[in-house]
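Each chain, letter by letter, is given below.
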Amino acid sequence: MKGAMVNLGVLVSGSGSNLQAIIDNIEAQRLDARIKIVISNVPGVFALERAKKHGLPAMVISHKEFRKREDFDQKLVEALQTHEVELVILAGYMRLLTPIFLRAFPMRVMNIHPALLPSFPGTHVWQAEVDYGVKFAGCTVHFVDEGTDTGPIIIQAVVPVYDEDTAENLQARILKQEHKIFSQAIQLYAEGRLEIQGRRVLTKDFSKTPDFFMTNPPAEGFER
Ligand code: GRF
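A quick note: this is a predicted structure, and the numbers were derived from the prediction, not measured.

**Quick notes on the site of the ligand**
Turning to step 1, where the next piece is worked out: Lining the immediate environment of the ligand, one finds S15, G16, S17, N18, G92, I112, P114, W126 and E178.
Turning to step 2, where the next piece is worked out: Between the ligand and N18, the relevant distance is 2.8 Å, taken from an oxygen atom to a main-chain nitrogen or oxygen of the residue.
Turning to step 3, where the next piece is worked out: Interatomic distance of 3.1 Å between a backbone N/O atom of I112 and a nitrogen atom of the ligand.
Turning to step 4, where the next piece is worked out: Here the ligand loses 85% of its free accessible area of 370 Å² to cover by the protein chains.
Turning to step 5, where the next piece is worked out: Across the shell around the ligand, the residue classes tally to 3 nonpolar, 5 polar and 1 charged.

Pasting the structure below:
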């Protein structure tokens, strides 16, 4: 471990498999972070069980109890600040953030999106990718700005899309990569290796793979 400990607040709305991957990486001491609070906007989701099982503070703040989006976000901000959160992690959090939230955590909110942005923003991306016929898909960790899935990209992972793929098995293939790159992005942040220049995020000191490429279908006979 090389970084300073980063205090995380994790926002969830569902199963929380990305939360689980982050917990596992912290417990395995691969990640210089501690989860100060897990907040779900939906009561009873499995992500809350996961937090409880690992002894992490967790709470529900239901958006349904607020008439205005801004009031709900203000409440979230207060809860996160009370728990001394530095970096907010959107791990399957299914609400858009208002400027009130983003101003409280400027370039300190990370989201995972299950597609190679800027392609396929929004929801239901896996079926859209299969239907479109793309040969590669993947996932993106990015800082959150005021647009939907438009913020500066930190890291992406690529997976192939095969002819026989369904939305379901493509989703599973992508999710496996999400579990790796979300923690990787947080660790780069903890190590102070992310530098934001406009809408680009530059990463300090990593070993490059020159001429790295992939083709799908494989480039049989045209590898060189
Ligand atoms: C993931 O596909 C993530 O990319 C998207 O929501 C899903 C969350 O899954 N933002 P989980 O709750 O982490 O299992």
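**Details of the pattern of salt bridges**
Side chains carrying opposite charge are able to pair once their charged atoms draw close together.
Turning to step 1, where the next piece is worked out: On inspection of all chains with the given rule, the structure shows 4 salt bridges.
Turning to step 2, where the next piece is worked out: Between E84 and K36 there is a salt bridge whose closest N-O contact spans 3.9 Å. Residue E84 is located in the loop between α3 (69–82) and β4 (87–90), and its partner K36 is located in strand β2 (residues 33–40); the two are separated by 48 residues in the primary sequence.
Turning to step 3, where the next piece is worked out: The class for E84 is exposed, based on a relative accessible area of 54%.

**A look at the layout of surface pockets**
Turning to step 1, where the next piece is worked out: Approximately 840 Å³ is the volume found for the largest pocket.
Turning to step 2, where the next piece is worked out: Lining the largest pocket are 34 residues; nearest its centre among them are G92, Y93, M94, N111 and I112.
Turning to step 3, where the next piece is worked out: Of all the elements in the fold, those that place two or more residues in the lining of the largest pocket are α1 (17–27), β5 (109–113), α5 (125–132) and α6 (167–190).
Turning to step 4, where the next piece is worked out: Its residues assigned to classes, the lining of the largest pocket shows 13 nonpolar, 16 polar and 5 charged.
Turning to step 5, where the next piece is worked out: Approximately 350 Å³ is the volume attributed to the second largest pocket.
Turning to step 6, where the next piece is worked out: Lining the second largest pocket are 13 residues, with I154, I155, Q156, T203 and F206 sitting closest to its centre.
Turning to step 7, where the next piece is worked out: Of all the secondary structure elements, the ones that give two or more residues to the lining of the second largest pocket are β7 (153–160), α6 and β9 (200–203).
Turning to step 8, where the next piece is worked out: Sorting elements by how many residues they give to the lining of the second largest pocket places β7 first, with 4 residues.
Turning to step 9, where the next piece is worked out: Considered class by class, the residues forming the lining of the second largest pocket number 6 nonpolar, 4 polar and 3 charged.

**As for the environment of Y93**
Turning to step 1, where the next piece is worked out: In this fold, Y93 is placed in the loop between β4 and α4 (99–104).
Turning to step 2, where the next piece is worked out: Once the C-alpha coordinates of Y93 and L48 are considered, the two residues, 45 residues apart in sequence, prove to be 13 Å apart.
Turning to step 3, where the next piece is worked out: Residues within four places of Y93 in sequence aside, it is in contact with L11, V12, S13, N41, F72 and L76.

**Digging into the side chain of N111**
Turning to step 1, where the next piece is worked out: The topology assignment puts N111 in strand β5.
Turning to step 2, where the next piece is worked out: Excluding anything up to four places from it in sequence, N111 contacts L90, T140, V141, H142, V144, D149 and F182.

**Quick look at the nonpolar core**
Turning to step 1, where the next piece is worked out: Of all hydrophobic cores here, the largest spans 48 residues; its most connected members are L8, I35, I89 and M110.
Turning to step 2, where the next piece is worked out: The dominant element in this core, judged by the number of residues it contributes, is α6, at 10 residues.
Turning to step 3, where the next piece is worked out: In this structure, I89 is in contact with L8, G9, V10, L11, I22, M110, F182 and I186, ignoring residues within four places of it in sequence.
Turning to step 4, where the next piece is worked out: Within the second largest apolar cluster, 19 residues are counted, among which are V88, F101, V109 and V144.

**Looking at α1**
Turning to step 1, where the next piece is worked out: Of all 11 residues in α1, 9 are buried, a share of seventy percent or more.
Turning to step 2, where the next piece is worked out: The complete set of buried residues in α1 reads S17, N18, L19, Q20, A21, I22, I23, N25 and I26.
Turning to step 3, where the next piece is worked out: The inward-facing, buried residues of α1 abut β1 (6–12), β2, α2 (46–53), β4, β5 and α6.
Turning to step 4, where the next piece is worked out: Positive backbone phi, approximately 60°, marks Q29, located one or two places after α1.

The rules behind the values
Residues numbered from 1 in each chain as written. Predicted model: local features only at pLDDT ≥ 70, side-chain atom pairs only at ≥ 80, totals over all residues. Heavy atoms only, no water. Near = heavy atom within 4 Å. Polar contact = N/O pair within 3.5 Å; in protein donor to acceptor, adjacent residues only side chain to side chain. Areas by Shrake-Rupley, 256 points an atom, 1.4 Å probe, with all protein chains shown as cover. Nonpolar A, V, L, I, M, F, W, Y, C, P; charged D, E, K, R; others polar. Salt bridge = Lys/Arg side-chain N within 4 Å of Asp/Glu carboxyl O. Helix = DSSP H or I, 4+ residues; strand = E, 2+ residues; numbered from the N terminus. Buried < 20%, exposed > 50% of the residue type's maximum accessible area, 1.4 Å probe, protein only. 1 Å grid on protein atoms, 1.4 Å probe; cavity = no way out; pocket = protein on both sides within 12 Å on 5 of 7 lines; lining within 4 Å. Points joined across faces, edges and corners; volume = space filled by probe spheres on them. Contact = heavy atoms within 4.5 Å. Core = buried A, V, L, I, M, F, W, Y, C linked by side-chain atoms within 4.5 Å.

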